[in-house]
Structures are given as C-alpha cells and as structure tokens.
Amino acid sequence: MGALSLGWFALCLGVAVAVDRGNFKTCEQSAFCKRQRAMKAGQSPYRALLDTLELSDSRVTLQLINDNNKVHLLLELYRLQGNMTRVKINELKPLKPRFEVPDVLIADPPTEPLSVVSRDENGVVLSLGDEARRLIVSAQPFRLDIVEGPQVLLSLNSRGLLAFEHLRPRKDTSTFGKLFSLNSLPMSAHQAPDGGSEDDNQPGLWEETFKSHTDSKPNGPTSISLDFSLPGVEHVYGIPEHADNLKLKSTDGGDPYRLYNLDVFQYELYNPMALYGAVPVLLSHNAQRTMGIFWFNAAETWVDISSNTTVFGKMLDYVQGASETPQTDIRWISESGIIDVFIMLGPKPADVFTQYASLTGTQSFPPLSALAYHQCRWNYNDQEDVRAVNQGFDEHDIPCDFIWLDIEHTDGKRYFTWDPSKFPKPLEMLQDLTDKRRKMVAIVDPHIKVDSGYKIHSELRSKNLYVKNKDGADYEGWCWPGNAGYPDFIRPDTRAWWASMFAYDQYEGSTENLYTWNDMNEPSVFNGPEVTMHKDAVHGAWEHRDLHNLYGFYVQMATAEGLIQRSEGKERPFVLTRAFFAGSQRYGAVWTGDNAAEWDHLKISIPMCLNLNLVGISFCGADVGGFFKSPSTELLVRWYQAGAYQPFFRAHAHMDTPRREPWLFGPENTALIREAILQRYALLPYWYQLFYHAYLTGQPIMRPLWVEYPGDASTFAMDDQYLLGRDLLVHPVTEEGARGITAYLPGQGEVWYDVHTFQKHNGAQNLYIPVTISSIPVFQHGGSIIPKKLRIRRSSSCMENDPYTFIVALSPQRTAEGELYIDDGHTFSYRTEKKFIHRRLTFANNTLTSRNLALDSQFSTPSWIERVVILGAQKPNKVTLRMADGAESSLDFEFDTAMSVLTLRKPGMNVGADWSILLQ
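Definitions and limits used
- Residues numbered from 1 in each chain as written.
- Predicted model: local features only at pLDDT ≥ 70, side-chain atom pairs only at ≥ 80, totals over all residues.
- Heavy atoms only, no water.
- 1 Å grid on protein atoms, 1.4 Å probe; cavity = no way out; pocket = protein on both sides within 12 Å on 5 of 7 lines; lining within 4 Å.
- Points joined across faces, edges and corners; volume = space filled by probe spheres on them.
- Helix = DSSP H or I, 4+ residues; strand = E, 2+ residues; numbered from the N terminus.
- Nonpolar A, V, L, I, M, F, W, Y, C, P; charged D, E, K, R; others polar.
- Contact = heavy atoms within 4.5 Å.
- Buried < 20%, exposed > 50% of the residue type's maximum accessible area, 1.4 Å probe, protein only.
- Pairing = 2+ DSSP bridges.
- Phe/Tyr/Trp six-rings, centres within 6.5 Å; stacked < 30°, edge-to-face > 60°.
- Lys NZ or Arg CZ within 6 Å of the ring centre and 35° of its normal.

## A few points about the layout of surface pockets
Empty space within the largest pocket amounts to approximately 760 Å³. Along its surface, the largest pocket is lined by 40 residues, and Arg 437, Lys 439, Ser 797, Asp 824 and His 826 are the ones closest to its centre. Listing elements by their share of the lining of the largest pocket, those giving two or more residues are α5 (426-435), α9 (551-566), α13 (684-697) and β46 (816-822). Counting residues per element, the lining of the largest pocket draws most heavily on α5, at four residues. Along the lines of polarity and charge, the residues of the lining of the largest pocket split into 16 nonpolar, 13 polar and eleven charged.

## Quick notes on the environment of Gly 528
Turning to its location among the elements, Gly 528 is positioned in the loop between β28 (514-518) and β29 (538-539). Spatially, the C-alpha atom of Gly 528 lies 9.4 Å from that of Ser 212, the residues being 316 residues apart in sequence. The residues contacting Gly 528, other than those within four sequence positions of it, are His 213 and His 534.

## So, the pairing of strand β8 (residues 133-138)
Across the six residues of β8, six count as buried, placing the element largely inside the fold. A two-sided burial pattern is seen for β8, the buried positions comprising Arg 133, Leu 135 and Val 137 on one face and Arg 134, Ile 136 and Ser 138 on the other. Bridge count for strand β7 (residues 123-127) against β8 is five bridges, and the pairing is antiparallel. The partner of Ser 127 across the bridge, within β8, is Arg 134.

## Considering the packing of aromatic side chains
Under the definition given, this model contains 53 aromatic pairs. Relative to Trp 498, the ring of Phe 489 lies with its centre 4.9 Å away and its plane at 75°, an arrangement referred to as edge-to-face. Look at Phe 489 and you get buried, because its relative accessible area is 0%. Site record: aromatic cluster; members linked through ring pairs are Phe 402, Trp 404, Tyr 515, Trp 517, Phe 574, Trp 591, Phe 619, Phe 648 and Phe 691. Geometry around Trp 517 places Arg 650 over its ring, the cationic atom sitting 4.7 Å from the centre.

All quantities given are derived from atomic positions and should not be read as evidence of function.
Listed below in structure tokens is the structure:
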C-alpha cells in the first residue's frame, strides 16, 4: 500500500491489474524446496544412538546419525508444563552456530521431569507425566511417537522425511570438503538431500538465481525438513497468512503452503501463495482431541499437507490391535535454522490456546477506542480534507474514533515528518480531532529515504544501524521514497533508537492522540527478489534468510515500545502492522492487506481472520469495501455489516478509487452504513470484555464454531459464520443479491435468540433466514448475558460514562452468565494500580445478580444501569431490586407476551455495585 503513481508502482513491480505470479517463486523455483520435496516417503537414513542418551531434570538428549553421510545430530526432548512436548534437532558439531529464533517466546518454557519407563535395543519409552501418556523413541529408523494408552496421538519421521542439510565448506574452496561429501551418489527415493547428493555442482546449492537476482548463498545448503503424522485427523487449520478457506487443503499435486512474508500486490484467492505474514502454527481437530504444532523457525518455510487412510498396528507394547483410520500428514520444510518444534497436546481447543499463549504471549489489550470505527484512505489530501471528513461524520450522525493518514502526509515520503504545504499545522489538526474526542493514525514505514538532509537517515547511518548487503555496505533498495535503507530491527539498539523517535520532542507535530501504522514491513523492496530483501543481506552474524519472517515482528515491537515510552509507560499503544510472526499479538493489530472490492474478497475475510485468531492474533480485520477497485453500493453496505462484527473495523481505499466516505452513496445507503456502525458501538462493552479475556487467557475472540462445539463434525469446515466469544453467532451476508441465508445454530437442546427481533430458535438446526439489504444475521446464545451501551455518540470516548443495558438470554439447559469489564479505557493503570471493575453477572432461580470478581481492584465510574432485557422470560408478578446493604425497591417492568421478553427500565443502580434483581 502507499503512494506514487500506479504506473511507477507497476514499473517497479511488473504488475498491472492483478498479482503477477511470475514475481513470486513456486516450490519448483525454490532450490531448497525442490530438493526436499523430491524426497519420497520411505526408510529414513537417520538412526538414534541409544547409548548416547542422557537424562537430566529438564531434558533428554541423544545423538542421531545419518547412516548415509555419518553426520551426527543432537536430539533434545523436553516435557513442558501444561501438556506440551518440545523437540529440538541441531547439528552435534556445526561448523558455526545455526540461527535459533530469539525474542518470540515470552520466557524459557518451564519444564517437568521426563523419566525412562522402559528401554531395549529397539528404542526407549519415556513417561510424559500422565500414566497413559508416553513418548516412544524408536532407534532404527529414528522415529518419535506420542501415545496415550493404545492411541497414537502424533508421530514424527514416521514417513522418513527428516532431512538436515549440515553446514560444510564448499569443495572448491577447502581441502576438507571431501570430508563432507558422499562421492556424489545419486539420491534414492528416500534419501535425505544431505544423504548422498552433495554434489557441489547441483544447481541451487551454493548460488541461486531467480529472474535477475542472484543469491550468493555463502553458507551453502542449510535446509531442514520433518514430517508429522496425525492419525484420526481429517481437519487441520492455521499457518496464516493465506487467502484460503479455514480448513487447510491437501497440497498433493500442487504447491505446498508457503510461509514467507511478501508484499503481494492484489493477491489471488484460494491458493497457498505466501502473503504478508507468517505464523508457523498448525492446529488439528477431531471430535476427541485438538492439538497444535508450532514449528519455531523464521526462515522461508513450506508446508505440505496430505490426507489418507492408514492401518496402525502394534507399536512396542503400548499400541494394541490394528485399525483403519483417517490420517493427515504434515511436512515442514525450512531453508535454514534448526528444527525446534512445540507439540501442544490439548486435549481441548481452549487448552491448545492456553498452551500456545504460555509460549508466545497473549493478545495485547488495546485502548477501547481502537475497537471502534476507523476511517482511512490513501490518502486524505491535506488538513482541510481531514477537517471536512471529521465534520462529515458529525453532520451525518455517524460515530467514528480514528481518521488515518497514509504516506502522502509526509514530506517526500520521509517518515516522522509532515508535508509542509499540505499539513503545515499538524498540532492544530490533531487538536481539532481531540476537541471531538477523536484520534488519528499516521503511517510510519521501515524503509528510510536515503537523504543526507533527513535526520532519521543521518542518525541511522551515523550510528551504523542499517541492514548490510553481502559486501558489508548499507543495504539499499527501492520503495516509496525512491532509494531507501532498512534499519536492522533485529538489533536491540536499533529498536531502542527507533522507539526513541516517537518521543514528542523527536516526532515533531505528534501528540498523545496520534497512533501508528507500520506498513511495507515484510520488508517490501520494489527492486528486490520477490519484492523483498535479498536473502544474503546481513544482520550482524546472521543472513537475512535466517530471520526474514521476523522483520515485521520487530518493527511493530519497536514501534509499540516507542508509543509506550513517549507517555512514560502510562498509555497503551495502538499499532497496526501488515507483516507479522508468532508473538505479534503482543504488539497490536493486523489486517489482511491489499484486498479488492469483490464479493469473494469479502467472503475470504472471514476464514482469514478465523485462522489468525486460532494462532493467537485476535485483533484482525479486512479493509472494508476493498482496497483496490470500487465496490457496488450493495457490496459496500454488506462489507460494513460484516466488518462491524470483526475485531478490527477500518474502511480503506486506494488513491485511484472514487471517494467512499459513508455518506457519499445516497441517504438510503448512508442509513444502512450508519446502522451497521451503530451496532458496533452498542456492543463495545462486549468487545472490550472479549479483548480483556483474550489478554488474560489467550482465548480467541473470533472463533470457528468447532472451538465451542468440538464434537459437532458439521462445524469442522464451516467458515461462513463464526462466534464472537462464546455468546454471539454471526453469519454475514456475503452473496450478491442474497434474499436469504442458512445459518447453522449449534447445540442440541440449546436455544439462540435473534439479536434484532428477540425471536427464539432451537439449536442443532440449519435455519433459513430471509434477508433484505438491512439484515445482519446475529444470534445471542441462550444462557448468556451481554452488556451494551445504547446511547451512541460521536466517538467511544464520548460514551465513557454513559449507562449500560444488559441483555439476558435465558436457556432451559443452563444458568445465564456474563461478565462486565470497565477501566479508564486507555492507560495501563488496570495492570499497575488494579484500577478496573470486573463483575460476574448471573441469572439463576429467577434472580439476576452482579458479583465482584476483583475484590482488590479500585475503580469507580458514574455509569449506571438503565435497562435490563430478559429474553425467554415468564411474566413476573413483581420485580424487586435488592442492594448489598439490604435496601429494596420495586422496579417497573414491561412484558411482551408474544416474544416472552421482559424489560426493566431505569433500575438505576451503579454498574460497579453489588445488587440482585428478583423476579417474583
């Protein structure tokens, strides 16, 4: 995204109206992927040397040997707290260290003791704590199996596809090269790439060319591979980012899924091409168990998936009998680094989310305003344009919290600056927004214009903080400013310097209501291979190939830290990033990149965000209306309706598209868009509580139905509807000209209520719903209580002290429960001073009760309760409010006999108080 003319963009990128797939590699064009994928399943050359086994309090180690080339590897096995297993494989004695990913794990994962249950010449059986759970190490060929009683949960190297290309001197540059060679034997069907094919003349080992770019590969071949088999599994998910369905497809006969952060112009749908971010986490699910695999590697990675049916027979003494069962096989292939895998054994979906969060952290808790509506465009022209847009929301009675500025606001694409003619008085502009209690986001990209008169560039060069090219000079490439340098964000001192640039005395014209958008941070290099940085660029001791997928992670990390530091640690940051990796959830939000104004792009936004939520990144959304092209009014309305129920809610558009502020499409469409945005604002208390829960626990906000209904096989591939938390089911209308949709309401014996009409529907049914252009099918789960605010104002900040409404949806099966969370909405005082309100709402035995969940917290609010709506109720004779001090008062009520809806108006108690409402 960004600026310059589209023609210049096309010149740099060689693209026209859609992605040019020729700019991006297939597996066949990637030398290491082609080598690894040429291996076929069979007898592995690797053997475990059981006499080298060593057992300590924290791990088991033993050596592996490749019987083809006699290279030794070191296997480390860890039993981690929380029902996880870690497997690491590295060279026993590498010529030099291989890259291991730093900074992503929030701490060294705490371990639990492993113990040897049995041992013979064929293998070792280790206990994983639970009496029935075992880790079986088979010696020849080397294989790992995790079993529980008679059931195989997961196997490693069962297909013999472990491959580890060891570091070696190039034969034509070292007299020792022959020690690392195998007489150039041809590769058999199941030999590893380093097991007999180390002919230095083989293409792509020591140099590789793609189009006009040559990768010098000074370390030679370093790729790794490992296969995993999941018996009993037919559904796998995750490994974003791909524009594809929720359930991952078999890659047999096509390319593997690729994980390599790239700036893909107008990406295609329903294919495994790499996009802007990479989270190497895959989840498996069946009716009995959910598990996860976290492939902890930041290099270019390809993931093959295949499904079949396999007969599992006797395995030692722990797997009895033989049965035919479905199976999914996963193969991970990475260009460099080591094998480092976390196996998350669940068994429930919520357990996997907790396990992953314990490794990489939880979703950051954003300012409340960041959950509201954002208005963006490439680009708002000048300060007067911003003022007019700001005023337009008020004139049309549409709430908005943020107005965004893209790259044209800068002085010649110099970030941390303002165009002196278009934005001459940024402080005045920001004050105008503050007066309306609104905020701004400005873009700050990580490519820095090479200009000796530009302070940012001069400091980076003088402090020697740029990434280097293979020859040791500052790496330079073309991006929006023209010739640009790229800060080496892998270095802590670079990140610290970058963070310091957000200080108010450094970033002139910035104020506390200015937040940040990091775009182009894959990094995007217009004249680089695959529109990104050369792999042989240098970050200190490491090549860029080792850590490519970390670059955007570090940019967002440093930016978020800068926003925190500028407020002396008091204010929560908001940072949007396009590139991401595992752990990026700790630093802000992501979006699905440069989509298009097409119905299929609206549809794909749902599974794309669902897969991001499954791997920890809950704060996601898509450009409402589509970035490229111009939507029809029907598509635009439908996109607002869908976006209002996704975590990040921002409209955005390309500079070459017509303006599309919400009021530009006639009164009828303005009213429809307004209504969608109003629904978002009414639910902000619920959104805020969901984000607090995600921050505390790591549970996703936007959930596939199988997360809450893990035994319901009909939900396993469903990705046109979803849950927000546990209690709202959303089925956006994503078909052009739709007159009806069919929503699946899960849960045998459960009930769901249409949030607009309060009509009750039974669960475990496919419900046909007639729709008009105004319809947004949303259902509240029976047995839930959802907080809302129905007095909608110009921004969320204006609603801070407004009263609450509670929607209580009764169920014949269970007690109705909900939560309410309140704090000041923008500082860290909830964490540092325990200034928040957290309450449990319960309806049982005809009594609605509010109970304090945080007895040691200290926060007060003038907000009160103006309405309680009880769905599925019976008409009471009277309603009594009882306060904690014993005071009682009668409440007026209305009862809709036809809909069984009881409404209590203005009960009046403070939202932070203890109270009960009795229906008699």
